[in-house]
Amino acid sequence: MSDTEKLFDWIDSQRGGMIGLQKLLTGIPALAPESGGEGEDKKAAALKAWLEQQGLGPVENYPVKDERVPSGARPNLVVTVPGKESSGAFWVMSHLDVVPPGDLSGWATDPYTLTEKDGKLYGRGTEDNQQGLVSSVFAALALVKNGVTPPRDFRLLFAADEEVGSTYGIEAVLREHPGLFHTGDSFLVPDSGRPDGSMIEIAEKTILWLRFSVEGKQCHGSMPHLGSNAFVAGSALVLRLAETLPEKFSREDPIFEPPYSTFCPTRKEANVPNVNTIPGLDVFWMDCRILPSENVNDILEQIDSLGRAVEAQYKVKVKREVFQRKSSKPTSADCALVGRLKNAVNRVYGVEACVKGVGGGTVGAYLRNAGYDTVIWSTIEETCHMPNEYCVVKNMVNDAKVMLLLGG
Ligand SMILES: [Zn+2]
């Protein structure tokens, strides 16, 4: 019997153990201070004790200071199964925190008590992100319990603060503990996917959020010649932006849905409350999602030149502020990690997985920007953040096998 078959058999025999760990973790809500919680400390402590009891230790902590939680820091735990070589470690990064359950009347069961029914585990956090977390733990345990040394270090990172933006999670860990990672390390983030395991996310669009304020001159509605109507100028600007930008920056990349950059005027702030005043200020926002192949600075330059034309024509001042700008280097569709993952998914699930890009805002960006190949993949039903969130036990078991193949 090959090592792989032995490890797969062992994983199959651990169904009960995996459900047990899910039960333990579901019972300890780890909510961010923004959601009225105390962070991940209690859940992290329980996980650490469980792992060390199973012989998967030592569990290291890379805390990130956060005065808002009782301990003053958010935990980021790391476990390592040493490989034959320590360079080019394979990491699985999951997150400890959960989102609040929301309206309890939408739940058929208590969100913090694991309920098993028809091969599914119900409870807040069971799918997001405990499914991936538990799969990764059992993949590592399989190696340890069966005395198999992986070719490279097999490392698990249980991060804090993913749901609220990773400020106290991976973003800070990369900055404050750069020695933890090495050139050639690669990451699997099991936090998004499809029910058949066929989607591998490797890239994201740049998020660019802009706020425009168009300043004219307020005056009486009967005397428009004494002012300059900011609403009219703002409307002219918004139309020029919405028409010009998609036309000028029209590259396509089929891994994204939609395959082109999007430039959407969204929020509009209230102006005057009455009908007989010419508004002196017009404020609106745009949400732009830009393909990695486009140059964001060129786009901003184009936007500003449209602004200047409106200023000249309508006698107004246009102020453009960047509210958020986040880009991520894509992971190459041809890199070794993607190839290994496609093979592993094919072997375990019998499907051809395809690479995809998303509209932006995943933790993958931090890792990719730090230079590490990163794939976001799991086999999930996408019940994350919903009432009656659940994890399919079979997926949790089989994803552990994919992780083993990736790390092995
Ligand atoms: Zn998640």
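The following refers to the structure shown.

1. Quick word on the packing of helix α8 (residues 336–349) against helix α10 (residues 393–407)
Across the interface, α8 lies against α10 with an axial gap of 9 Å and an inter-helix angle of 140°. The angle between the axes of α8 and α10 places the two elements in the oblique class. The hand of the α8/α10 crossing is right-handed. In this structure, α8 contributes L337, R340, L341, A344, V345, R347, V348 and Y349 to the contact, and α10 contributes N395, N398, D399, K401, V402, L405 and L406.

2. Focus: the pairing of strand β11 (residues 206–215)
Taking burial as the measure, the 10 residues of β11 include seven buried ones, the bulk of the element. Where β11 lies against strand β15 (residues 281–290), 10 bridges are found, and the strand directions are antiparallel. Bridge pairing links W209 to D287 in β15.

3. With respect to the coordination of the zinc ion
At the metal site, the zinc ion is ligated by H95 (NE2), D128 (OD), D191 (OD) and D191 (OD), and these contacts range over 1.9 to 2.5 Å. Metal-centred angles of 54 to 142° between the four donor atoms at the zinc ion mark the site as irregular. Each donor residue of the zinc ion belongs to the same chain, with the gaps between them written as H-x32-D-x62-D. Of the two residues, H95 is situated in strand β5 (residues 85–95) and D191 in the loop between β9 (186–189) and β10 (199–204); the sequence distance between them amounts to 96 residues. Pair check on accessibility: H95 and D191 agree, each one buried.

4. Here we look at the nonpolar core
Of all hydrophobic cores here, the largest spans 65 residues; its most connected members are L51, V137, F138, F158 and V402. Both domains that meet at this core, namely domain 1 (3–192 + 362–407) and domain 2 (206–326), each give it at least three residues. Once residues lying within four places of it in the same chain are set aside, the contact partners of F138 are W10, I11, Q14, G17, M18, L21 and W50.

5. A word on the sheet that holds strand β7 (residues 120–122)
The antiparallel open sheet is built from three strands, whose spatial order is β6-β7-β19. Strands with a single pairing partner mark the edges of an open sheet, and in this sheet they are β6 (115–117) and β19 (390–392). Neighbour to neighbour, the strand axes of the sheet diverge by 25° on average, direction disregarded. Bridge count for β7 against β19 is three bridges, and the pairing is antiparallel. Bridge pairing in β19 links L121 to C391. Strands in contact with helix α4 (residues 126–145) are β7 and β19; relative to β19, the strand with the most contacts, it is inclined by about 35°. Across the sheet, α10 lies against β7 and β19, angled at about 60° from β19, the strand it touches most.

6. Section: the sheet that holds strand β13 (residues 262–268)
The four strands lie next to each other as β13-β15-β11-β16, forming an open sheet whose pairing is antiparallel. The open sheet has two edge strands with one neighbour each: β13 and β16 (317–326). For this sheet the average axis-to-axis angle between neighbouring strands, irrespective of direction, equals 20°. Where helix α6 (residues 230–248) meets the sheet, it contacts β11, β13, β15 and β16, and its direction lies at approximately 10° from that of β15. Docked against the sheet, helix α7 (residues 296–314) engages β11, β13, β15 and β16, running at close to 160° with respect to β16.

7. Some thoughts on the environment of K43
When you line up the elements, K43 lands in helix α3 (residues 41–53). According to the relative accessible area criterion, K43 is buried, its value standing at 2%. Expressed as a C-alpha distance, the spacing of K43 and P29, which sit 14 residues apart in the sequence, is 7.2 Å. Not counting residues up to four positions away in its chain, the partners in contact with K43 are L25, I28, A30, L96, V98 and Q130.

Quick notes on the rules
Residues numbered from 1 in each chain as written. Predicted model: local features only at pLDDT ≥ 70, side-chain atom pairs only at ≥ 80, totals over all residues. Heavy atoms only, no water. Axes fitted to C-alpha atoms, helices over the stretch in contact; angles between N-to-C directions. Helix = DSSP H or I, 4+ residues; strand = E, 2+ residues; numbered from the N terminus. Parallel < 35°, antiparallel > 145°, perpendicular 65-115°, else oblique. Left-handed = near helix turned anticlockwise from the far one by under 90°. Contact = heavy atoms within 4.5 Å. Buried < 20%, exposed > 50% of the residue type's maximum accessible area, 1.4 Å probe, protein only. Pairing = 2+ DSSP bridges. Donors = N, O, S within 2.8 Å, 3.2 Å for Na, K, Ca; no water. Tetrahedral: all angles 85-135°; square planar, octahedral: opposite > 155°, others 65-115°. Core = buried A, V, L, I, M, F, W, Y, C linked by side-chain atoms within 4.5 Å. Domains from an automatic or database assignment.

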